[in-house]
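Report on the structure
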Amino acid sequence: MTIGIDKIGFATSPYVLRLEDLATARDTDPEKLSKGLLLKEQSVAPITEDIVTLAATAADDILTDEDKEAIDMVILATESGIDQSKAAAVFVHGLLDIQPFARSFEMKEACYAATAALDYAKLHVEKFPQSKVLVIASDIAKYGIGTPGEPTQGAGAVAMLISHNPRILSFNDDNVAQTRDVMDFWRPNYATTPFVNGIYSTQQYLDSLKTTWAEYQKRTGLALTDFAAVCFHLPYPKLALKGLKKILDKSLSEEKKDQLQYNFDQSILYSQRVGNIYTGSLFLGLLSLLENQPQLKAGDRIALFSYGSGAVSEIFSANLVPGFEQLLDHKRMEKLDQRTVLSVADYERLFYEEVDLDPSGNQVFEPATHQTFALTEIKEHQRTYQKVEK
Ligand code: HMG
């Protein structure tokens, strides 16, 4: 039985900040961001957009009524939780009207959790072949005004429907994970933005890649020649490019190197315009590759490198299924063009906007234009979401 990704959807917030505007405001050379980090834009979320609304929008885009009857597990991977107790997956389950006899919960390990969620979904479908699992990676990356991480912020969610006989990618049983207890990026409960050892985090990312890739090759006997493409966690594309160069074997033919480089370039197109979406960013890279590389074909094997600070990393692979291109959205770039461009002043206003409850814990919100789902009210400390537009 093959198990894998049957459908994949994506949502981001309706506002965008151009990084050349940010560079000007921060008195930075724009080329530091466009060439040094390989970034162009970042999505900015208003207060009415959070991990629940992004996740519901990404999933709503791909699910049919039949899927909603078959889904018996909803896993939401995030590190931008909106409640310490209630899982965002429960809100999403309700908003999408998924049949009631489902298990819904949240998973966390920085940018890595969605990879663990996919593996759990795979095990579940292996045991219950008729079931479908909805895995959503949803995050809002906020580092802080004027911080080194500021240009790498972003917001978005990737929803994946996992089933048997998948129509996009079938997973291989080749996952190799690594855990190392390091403090490269973390956010204690009392902090709204993370603490970051920036350069150290890049070293941990690259060293985790190198050592996990070596172990993966040892255990599977596979080499880069077996892969059409490698997708990376994309905190910012330049770091992933360094990662690709680190694992490129000198003995590879020039043709193979060119193929991997070209496919890498296609895999970063969306992230360059959205920014880091933490748990979803590896899968946004995968989506970008699939939707922008017409030469990929059924049977091609794609490697995925997942990295979450703290740190857990994993390499696994999946094969393209015949007809996969019919399940994709080739108008995604046009949709990104439709976001409203913010001035730096407006971005900063949204960045600092916080919930401002009355003494009884109430506040009403006005959804931003072009939101599909929105936080519309907090009533006695209970968040209320609504579908506002199709
Ligand atoms: P920085 O201040 O941009 O660092 O911060 P920099 O001064 O090293 O510059 C970056 C690059 O721009 C360098 O290129 C410069 O040479 C180049 P490199 O040497 O790396 O090839 N540069 C220029 N290029 C062209 N024209 C110029 C110019 N000036 C400089 N004029 C840093 C970088 C990563 C520290 C910062 O962005 C940061 O703190 N980011 C957040 C942390 C992060 O993303 N870490 C990545 C690994 S950890 C991870 O992936 C997990 C994460 O997603 C969280 C999670 O798991 O939940 C973050």
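Our subject in this report is the structure included herewith. Since this is a predicted model, take the numbers as computed values, not measurements.

Rules of the game
- Residue positions are given per chain, counting from 1 as you read along its sequence in written order.
- In view of the model being predicted, local features appear only for residues whose pLDDT reaches at least 70, and side-chain atom pairs are presented and counted only at 80 or more, with totals across whole chains, interfaces and linings using the full set of residues.
- Calculated side-chain values reflect all of the structure's heavy atoms, with hydrogen atoms and water omitted.
- We call a residue near a molecule or strand as soon as one heavy atom of that residue lies within 4 Å of the molecule or strand.
- What qualifies as a polar contact is a pair of N or O atoms within 3.5 Å, subject to a donor-acceptor requirement within protein and to the restriction that residues adjacent in sequence count only when both atoms come from side chains.
- For accessible areas, the Shrake-Rupley method is used with a probe of radius 1.4 Å. Any residue's cover is judged against the shown protein chains and nothing else.
- By the criteria applied, helices consist of DSSP H or I runs no shorter than four residues and strands consist of E runs no shorter than two, each listed in order from the N terminus.
- Here the nonpolar group is Ala, Val, Leu, Ile, Met, Phe, Trp, Tyr, Cys and Pro; Asp, Glu, Lys and Arg are the charged ones; every other residue, Gly included, is treated as polar.
- Residue ranges labeled as domains rest on an automatic or database domain assignment.
- Only protein chains enter the accessibility calculation, which uses a 1.4 Å probe; a residue whose area is less than 20% of its type maximum is buried, one above 50% is exposed, and one in between is partly exposed.
- One requirement defines pairing of two strands: DSSP has to find at least two bridges between them.
- Two aromatic rings, drawn from Phe, Tyr or Trp (for Trp, its six-membered ring), form a pair once their centres lie within 6.5 Å of each other, and the interplanar angle then sorts them: stacked below 30 degrees, edge-to-face above 60, tilted otherwise.
- Either the NZ atom of lysine or the CZ atom of arginine qualifies as a charge over a ring when it sits within 6 Å of the ring centre and within 35 degrees of the ring normal.
- Orientation is described by lines fitted to C-alpha atoms, with helices fitted over the stretch in contact, and by angles between N-to-C directions that extend from 0 to 180 degrees.
- For classification purposes, angles smaller than 35 degrees are called roughly parallel, those larger than 145 roughly antiparallel, those between 65 and 115 roughly perpendicular, and all remaining angles oblique.
- Two helices cross in a left-handed way if the nearer one is turned anticlockwise from the farther one by less than a right angle. They cross in a right-handed way if the turn is clockwise.
- Contact between two residues is taken to exist if any of their heavy atoms lie within 4.5 Å; hydrogens are not considered.

For the rest of this paragraph, the subject is the site of the ligand. Taken together, 28 residues sit near the ligand, with E79, C111, S201, K242 and S309 positioned nearest. Taking S201, its side chain carries an N or O atom lying 2.8 Å from a nitrogen atom of the ligand. In this structure, an oxygen atom belonging to the ligand sits 2.4 Å away from a side-chain N or O atom of K242. If the ligand stood free it would expose 1,100 Å²; the protein chains cover 74% of that surface. Residue assignment for the shell around the ligand shows that the elements contributing at least two residues are α2 (30-36), α7 (198-220), α8 (237-247) and β13 (301-308). No other element matches α7, which puts 4 residues into the shell around the ligand. Along the lines of polarity and charge, the residues of the shell around the ligand split into 12 nonpolar, 10 polar and 6 charged. Structurally, the shell around the ligand is a two-domain feature, drawing no fewer than three residues from each of domain 1 (3-169 + 329-387) and domain 2 (171-321).

Among the 8 residues of β13, 8 are classified as buried, and the element is accordingly described as predominantly covered. A two-sided burial pattern is seen for β13, the buried positions comprising R301, A303, F305 and Y307 on one face and I302, L304, S306 and G308 on the other. Where β13 and strand β14 (residues 312-320) come together, 8 bridges link them in antiparallel fashion. Of the residues in β14, the one forming a bridge with F305 is I315.

On inspection of all chains with the given rule, the structure shows 16 aromatic pairs. Three or more aromatic residues joined by ring pairs make a cluster, and in this case those are Y205, F232, F264, F305 and Y307. Just above the ring of F351 sits the side chain of K142; from NZ or CZ to the centre is 4.6 Å.

Moving on, we get to the packing of helix α9 (residues 254-267) against helix α11 (residues 281-292). Direction vectors running N to C along α9 and α11 enclose 110°, while the axes themselves pass 7 Å from each other. With respect to each other, α9 and α11 are oriented roughly perpendicular. α9 and α11 meet at a crossing whose hand is right-handed. For the pair α9 and α11, the contacting residues are N263, Q266 and S267 in the first and G285, S288, L289 and N292 in the second. Looking at side-chain class alone, the contact of α9 with α11 contains 1 nonpolar, 6 polar and no charged residues.

As far as function goes, none of this settles anything; it's purely spatial.
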